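Understanding the architecture of this molecule
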Amino acid sequence: MANYKLVNSDQLDSDMKTVADKIREKSQTSNSLAWPSGFIEGIDQCSSLNFSVIGGTTKPESPVENTIWVNTETEITSWSISPEQPESPTSGMVWINNGTSSEYAFNALKKNEIKVYPQTAKQYVGGKWADVESSIYQGGKWSESKSGSVIYDSGTFGKSPGGATYSAKATDKNGGGAFASVTNNSDHMLWSNNGGLGLFYIDPKVSCEGYKTLNISVADANVSTADDYPGKWGLVSAVNYKDPGFVASTGFDTLTGNQTLSLDVSNVGNTEYYIAMQFSAGSGNSLKVSKIWLE
Amino acid sequence: MIYIDDEFKCHAANPDGIFREFEVPFFNGKCAAFIEGYRYVPPGETWEREDGKVFDKEMTVPWKNLLELTVAQNQYEADLAEAAAAYQEGVDSV
């Protein structure tokens, strides 16, 4: 036989509303909370974080500041925000690429500061990473992540906004391949030159409109250049190994080890250019390219 | 020859002698309007963009809209070609 207790229902409603309001505040939602499942779910979402990651095929109706929505049919089992792709992902994991600058930067914490510079997102489904559309809610509006920002990443070429898959090519006085060459490996590209001046470039051209920085990360670099032709990395108007017409560039005499070269492209505008690197021949001049991206 | 100020912005002239002087082949044959829309960071120096991003290698990039600079340079080259043609026509007529 069930036991019953006489309670003041008005007071009970008031007390539950007080608890619900606190849960909504801490979990950063304005949704109504059904009893008891909504309360339990809200408590689970209470955190010291100043953002949330939500998946689904439609955007949340009542988002709070810094809500990151990931357009996916696959349940998000976990998420990671980092500049490097997670090494041991689990099925359903979402990886949000954390850059070094972003117009959508935010503080990840409610107290103290961890600055996040969100870029694009991927989800680990079926044993591989796949690009997913994502948006962030800030200042009362949604902002979409830009497509086409990752040109190349660890063995995989990205796609241009027009849908073309990028590729890397080389050209030299013999047309490319004989001296300057690109070798595609499972997790990097090898750019090498042993016969003269060479130009390595990405096809098709890209537009830097809406981006501020062009980056390339290289590893095991062993490049030393001649005085007449110092090395350059940047944007060119022509695929000409000798005179490619750099319109924006960063220069180097040597490149060694592992490093990232960054170029300010905030005023390049919407004219399309080839992303390119030029360096001359030398004893074993080569480097491994691990990532090329715009942010 | 170009000149740069303390924001690494380029100048075609140095009338007050307060800018630093650099020989940068990229700017050879470029008009003043083009030159003065670029920023040049010399090797070994560092420039911090207003959003905090730091660039620590030699860099030659536009700080004005590149399309506008390209239009100005194209017009300059067209004017030079027109002047050269007129001069040649004058020479040929003698």
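Model, not experiment: these values are computed from the prediction.

About the thresholds
Along each chain, numbering runs from 1 in the same order as the chain's sequence is written. Starting at A for chains and at 1 for ligands, labels are handed out in the order in which the entities are written. Reporting of local features is limited, given that this is a predicted model, to residues whose pLDDT is at least 70; pairs of side-chain atoms are given and counted only at 80 or more, and all residues count toward the totals for whole chains, interfaces and linings. Side-chain descriptors were evaluated using all non-hydrogen atoms of the structure, hydrogens and water having been removed beforehand. Contacts are assigned to residue pairs with any non-hydrogen atoms lying within 4.5 Å of each other. Here the buried area means the combined drop in accessible surface, using a 1.4 Å probe, for two parts upon being joined, counting both sides. Any carboxyl oxygen of Asp or Glu within 4 Å of a side-chain nitrogen of Lys or Arg constitutes a salt bridge here. Two N or O atoms form a polar contact when they lie within 3.5 Å of each other; inside protein one atom must be a possible hydrogen donor and the other a possible acceptor, and for residues adjacent in sequence the pair counts only when both atoms belong to side chains. When two rings of Phe, Tyr or Trp (its six-membered ring) have centres within 6.5 Å they constitute a pair, described as stacked for plane angles under 30 degrees, edge-to-face for angles over 60, and tilted for the intermediate range. Where helices and strands are cited, they refer to DSSP runs of H or I of at least four residues and of E of at least two residues respectively, numbered from the N terminus. Each residue is assigned to one of three classes by its accessible area relative to the maximum for its type, calculated with a 1.4 Å probe on protein chains only: buried under 20%, partly exposed between the two thresholds, exposed over 50%. Criterion for a charge above a ring: Arg CZ or Lys NZ at most 6 Å from the ring centre, at most 35 degrees from the ring normal. Scored between 0 and 100, pLDDT is the confidence that the predictor attaches to each residue. Two strands are counted as paired when DSSP detects at least two bridges linking them.

Each partner contributes to the interface: chain A provides 23 residues, whereas chain B provides 18 residues. Carbon and sulfur atoms make up 48% of the surface buried where chain A meets chain B, a total of about 1,600 Å² over both sides. At the boundary of chain A and chain B, one finds two salt bridges. Across the contact surface, chain A and chain B share 11 residue pairs in polar contact (both at pLDDT 80 or more).

One pass over the structure, following the stated rule, counts 17 aromatic pairs over all chains. Centre to centre, the rings of A:Phe200 and A:Phe279 are 4.8 Å apart; their planes meet at 25°, and the pair counts as stacked. Separated by 79 residues along the polypeptide, A:Phe200 in strand E16 (residues 198-203) and A:Phe279 in strand E21 (residues 274-279) bring together distant segments of the chain. Since its relative accessible area comes to 0%, A:Phe200 is described here as buried. Pairwise contacts between aromatic rings join B:Phe26, B:Phe27, B:Phe34 and B:Tyr38 into one cluster. In this structure, B:Lys9 is placed above the aromatic ring of B:Trp63, and the distance from its NZ or CZ to the ring centre is 3.9 Å. Across from the ring centre of B:Phe26, 5.1 Å away, lies the NZ or CZ of B:Lys30, which sits over that ring.

Tracing the sequence through the fold places A:Ile216 in strand E17 (residues 213-224). With 78 residues separating them in the primary sequence, A:Ile216 and A:Leu294 have C-alpha atoms 9.0 Å apart.

Bringing unusual backbone geometry into the picture now. Residues and elements named next belong to chain A. Look at the link from Trp35 to Pro36: it is a cis peptide, with omega at 0°. Mapped onto the elements, Pro36 comes out in the loop between helix H1 (9-27) and helix H2 (37-45). Of the consecutive residues Asp203 and Pro204, the connecting peptide bond is found in the cis state with omega at 5°. In this fold, Pro204 is placed in the loop between E16 and E17. With a phi angle near 70°, Asn66 is a residue other than glycine that sits in the positive phi range. Located in the positive-phi region is Ser154, a residue other than glycine, with phi close to 50°. Turning to its location among the elements, Ser154 is positioned in the loop between strand E11 (150-153) and strand E12 (156-157). Using a relative accessible area of 36% as the deciding quantity, one classes Ser154 as partly exposed.

On average, chain B scores 93 in pLDDT, and the residues at 70 or more come to 100%. Both scores are available for the predicted complex, with the pTM at 0.70 and the ipTM at 0.91.

All names here are of chain A. Of all the five residues making up strand E15 (residues 189-193), four are buried; the element is thus mostly covered by neighbouring parts of the structure. Judged from the five bridges that link them, strand E14 (residues 180-184) and E15 form a sheet pairing that is antiparallel. Bridged to Thr183 within E15 is Leu190. Taken together, E14 and the strand that follows it, E15, pair antiparallel across an intervening segment of four residues. Of the pairings in the sheet, the one linking E15 to strand E22 (residues 285-294) comprises five bridges and is antiparallel in character. Bridge pairing links Ser192 to Ser286 in E22.

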